[in-house]
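Fold and geometry: a report
So the chains spell out like this:
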Amino acid sequence: MGSVRLVALKGRLAASFFNGSLRGFQRNPTLSIRCLSSNMSPPSKAVVYEQQGPPDQVIRVIDLPPVEIRESDVCVKMLAAPINPSDINRIEGVYPVRPPVPAIGGYEGVGEVQSLGSAVRGLSPGDWVIPSPLSSGTWQTYVVKEESAWHKVSTDIPAEYAATVTVNPLTALRMLEDFNKLNSGDAIVQNGATSIVGQCIIQLARIQGIHSINIIRDRVGSEEVKERLKKLGADEVYTESQLEIKNVKSLLGGLPEPALGFNCVGGNSATLVLKFLRQGGTMVTYGGMAKKPVTVSTSSFIFKDLSLRGFWLQKWMSSERAKDSRPMIDYLLDLVRRGELKYEMELVPFEDFHVALDKALGKLGSHPKQVLTF
Ligand SMILES: NC(=O)c1ccc[n+]([C@@H]2O[C@H](COP(=O)([O-])OP(=O)(O)OC[C@H]3O[C@@H](n4cnc5c(N)ncnc54)[C@H](OP(=O)(O)O)[C@@H]3O)[C@@H](O)[C@H]2O)c1
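Everything numeric in this text was worked out from a predicted model, so none of it was measured.

1. Some points on the overall build of the chain
Counting its regular elements, the chain contains 14 helices and 16 strands. Counting the 374 residues in the chain, one finds 52% classified as buried. Sequence-distant contacts, at least 24 apart, represent 73% of the contacts inside the chain between residues at least 6 apart. For the chain, the accessible area works out to roughly 16,400 Å², and carbon and sulfur atoms hold 53% of it.

Written out as structure tokens, the structure reads:
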């Protein structure tokens, strides 16, 4: 009797952290207790926040009890999940769409199928799957979701790429294809070129024969960073201070003036992107890393007729085109397999979550994308 009461108590705790993945206890605690002997997930460790606020203050790592695996459910043992800037923004409460609190962090990742409900036909234990469409709650050791929520990916690529393929590479792919029509030989310009989106833009553009002009922050070791981006296919890489000249176009050399620019940063860095654009060009803003507004000169509108657009993957995901997202993800992972798409990541054991968080928050200087491994 004592042990049943303990499980029921844990059930209530799980219910309070319900976000779609740990749901058995919330739906029917009594039933869940009865099912303990049948199809239950293992207990899970999860990164949770009970209120929005500064991530390093509101986040806790806690143990969650097993949950029921219903007949169409798949229980997945997570292998890897990144800390993306938007994850931070959701926890801070500044992202326009965020899960209700209390919530489990993380929005993408990859895991291995551990066990299945009796009606699951398309997946087997050992398969690798990613949540598709994206959904919150990937920063935990076991996730239970319906079969339809998972997309099977092949196991012949490093797990960290499967874990990170959706939020950033898919954004890069869509932004290159969904705005101005680009042809081989054209050029694009972007800031935030060291971001994963930026690194993907360089490589996906190159595959299509499109040149890239890249802007990075000033930093110690910028020459090495430039070399790394050039190895990925960047044509030109400039620090922001190198572009404090009257005519940035004198730096284009033989490259055509870009018709399309991507803004990851805002502030002065966005102004530099605009300066490179040709008459009638478009700048697409997708990130605001500097937390500063985009300022556009009057003459940019009158004499250059520039257009300002925005891209948000979450909105794209709710459009008609999202039905094609799984083949697009497969295409991107195929590029990874062939060595044509790569980007820098730092793998961090889940136990060291708080170290990874500090790095992702920029508290310890500039670091590659933090990817938790389980
Ligand atoms: N709109 C969308 O649908 C969408 C989709 C995906 C990503 N995003 C956004 O795209 C941006 C990049 O995401 P990511 O995951 O690719 O990034 P990431 O790999 O985590 O890299 C962060 C990038 O931001 C730069 N950065 C950090 N703090 C900065 C600051 N104060 N000023 C200027 N630059 C700063 C870093 O430059 P250093 O290398 O110099 O540190 C690095 O290039 C984020 O804003 C993210 O929210 C938007």
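2. A closer look at the site of the ligand
In the vicinity of the ligand lie 24 residues, with Thr194, Arg219, Leu313, Ser366 and Lys369 positioned nearest. At 3.0 Å, a backbone N or O of Ser195 approaches an oxygen atom of the ligand. Within the contact set of the ligand, an oxygen atom lies 2.7 Å away from a side-chain nitrogen or oxygen of Lys369. When the free accessible area of the ligand is taken as 920 Å², the share hidden by the protein chains comes to 83%. Of all elements in the fold, only helix H7 (166-178) and helix H8 (196-207) reach the threshold of two or more residues within the shell around the ligand. Split by residue class, the shell around the ligand holds 12 nonpolar, nine polar and three charged. Here the shell around the ligand spans two domains, and each of domain 1 (2-164 + 344-373) and domain 2 (169-314) adds at least three residues to it.

3. Regarding empty space enclosed by the protein
Under the defined criterion, the tally for this structure stands at one cavity of 30 Å³ or more. Taken as a whole, the largest cavity holds about 50 Å³ of empty space. As for the largest cavity, its lining consists of Tyr49, Asp87, Arg90, Ile91, Pro99, Ile104, Gly105, Gly106, Tyr107 and Ser136. Tallied by class, the residues present in the lining of the largest cavity amount to five nonpolar, three polar and two charged.

4. Things to note about the packing of H7 against helix H13 (residues 325-337)
Contact geometry for H7 and H13: axes closest at 10 Å, N-to-C directions at 100 degrees. Between H7 and H13, the angle falls in the class roughly perpendicular. Every residue of H13 that contacts H7 at Thr166, Pro169, Leu170, Leu173 and Arg174 is listed here: Ser325, Met328, Ile329, Tyr331 and Leu332. The residue inventory of the contact of H7 with H13, partitioned by class, reads seven nonpolar, two polar and one charged.

5. A closer look at the nonpolar core
Core analysis: the largest hydrophobic core is formed by 51 residues, its most contacted members being Val110, Met175, Leu204 and Phe262. Broken down by secondary-structure element, the contributors of at least two residues to this core are strand E3 (73-82), strand E6 (128-131), helix H6 (159-164), H7, H8, strand E12 (260-263), helix H12 (313-317) and H13. There are two domains that each give this core at least three residues, and those are domain 1 (2-164 + 344-373) and domain 2 (169-314). Setting aside chain neighbours within four positions, we find Leu204 in contact with Pro169, Ala172, Leu173, Leu176, Leu332, Leu335 and Leu341. Core analysis: the next-biggest nonpolar cluster, separate from the first, contains 17 residues, Leu243, Leu252, Leu255 and Met283 among them.

6. So, the pairing of strand E10 (residues 211-216)
Judged by how many residues are buried, E10 sits mostly within the fold: five of six residues are covered. Pairing analysis gives four bridges linking strand E9 (residues 187-190) to E10, with the strands arranged parallel. Counted as the bridge partner of Val189 is Ile213 from E10. Taken together, E9, H8 and E10 constitute a β-α-β crossover, and its handedness is right-handed. Relative to strand E11 (residues 236-239), E10 is paired through four bridges, and the arrangement is parallel.

7. Things to note about the sheet that holds strand E4 (residues 103-104)
Pairing in this open sheet of three strands is antiparallel, and the strands run E2-E1-E4 from one edge to the other. Each edge of the open sheet carries a strand with a single partner, namely strand E2 (59-64) and E4.

8. Brief notes about a nonpolar patch on the surface
Together, Val294, Phe301, Ile302, Phe303 and Leu308 make up a nonpolar patch on the protein surface, roughly 490 Å² of accessible area in all. When you line up the elements, Val294 lands in the loop between strand E13 (282-285) and helix H11 (298-302). Owing to a relative accessible area of 34%, Val294 belongs among the partly exposed residues under this scheme.

9. A look at the confidence of the model for the chain
Detailed reading of the predicted coordinates is not advisable wherever pLDDT is low. Per-residue pLDDT for the chain has a mean of 91; in total, 90% of the residues score no lower than 70. In this model, residues 1-37 is a region of pLDDT below 50 whose contacts with residues beyond four sequence positions or in other chains number 61 contacts.

10. Notes on the packing of aromatic side chains
The geometry of two aromatic rings is summed up by the distance between their centres and the angle between their planes. A full pass over the atoms with the stated rule returns five aromatic pairs. Here the aromatic rings of Tyr161 and Tyr343 are separated by 4.8 Å at their centres, their planes lie at 55 degrees, and the arrangement is tilted. Of this pair, Tyr161 sits in helix H6 while Tyr343 sits in the loop between H13 and strand E15 (345-349), and the two are 182 residues apart along the sequence. Measuring from ring centre to ring centre gives 6.4 Å for Tyr238 and Phe276, while their planes differ by 15 degrees; the resulting arrangement is stacked. Highlighted residues: Tyr238 in strand E11 and Phe276 in helix H10 (residues 267-276), separated in sequence by 38 residues. Since its relative accessible area comes to 8%, Tyr238 is described here as buried. Cation over ring: Arg90 sits above Tyr107, and NZ or CZ is 3.7 Å from the ring centre.

Scoring rules and cut-offs
- Residues numbered from 1 in each chain as written.
- Predicted model: local features only at pLDDT ≥ 70, side-chain atom pairs only at ≥ 80, totals over all residues.
- Heavy atoms only, no water.
- Helix = DSSP H or I, 4+ residues; strand = E, 2+ residues; numbered from the N terminus.
- Buried < 20%, exposed > 50% of the residue type's maximum accessible area, 1.4 Å probe, protein only.
- Contact = heavy atoms within 4.5 Å.
- Areas by Shrake-Rupley, 256 points an atom, 1.4 Å probe, with all protein chains shown as cover.
- Near = heavy atom within 4 Å.
- Polar contact = N/O pair within 3.5 Å; in protein donor to acceptor, adjacent residues only side chain to side chain.
- Nonpolar A, V, L, I, M, F, W, Y, C, P; charged D, E, K, R; others polar.
- Domains from an automatic or database assignment.
- 1 Å grid on protein atoms, 1.4 Å probe; cavity = no way out; pocket = protein on both sides within 12 Å on 5 of 7 lines; lining within 4 Å.
- Points joined across faces, edges and corners; volume = space filled by probe spheres on them.
- Axes fitted to C-alpha atoms, helices over the stretch in contact; angles between N-to-C directions.
- Parallel < 35°, antiparallel > 145°, perpendicular 65-115°, else oblique.
- Core = buried A, V, L, I, M, F, W, Y, C linked by side-chain atoms within 4.5 Å.
- Pairing = 2+ DSSP bridges.
- Right-handed = clockwise from strand over helix to strand, strands pointing away.
- Patch = residues over 30% accessible without salt bridge, like charges linked within 9 Å, V, L, I, M, F, W, Y side chains within 5 Å.
- Salt bridge = Lys/Arg side-chain N within 4 Å of Asp/Glu carboxyl O.
- pLDDT = per-residue confidence, 0-100.
- Phe/Tyr/Trp six-rings, centres within 6.5 Å; stacked < 30°, edge-to-face > 60°.
- Lys NZ or Arg CZ within 6 Å of the ring centre and 35° of its normal.

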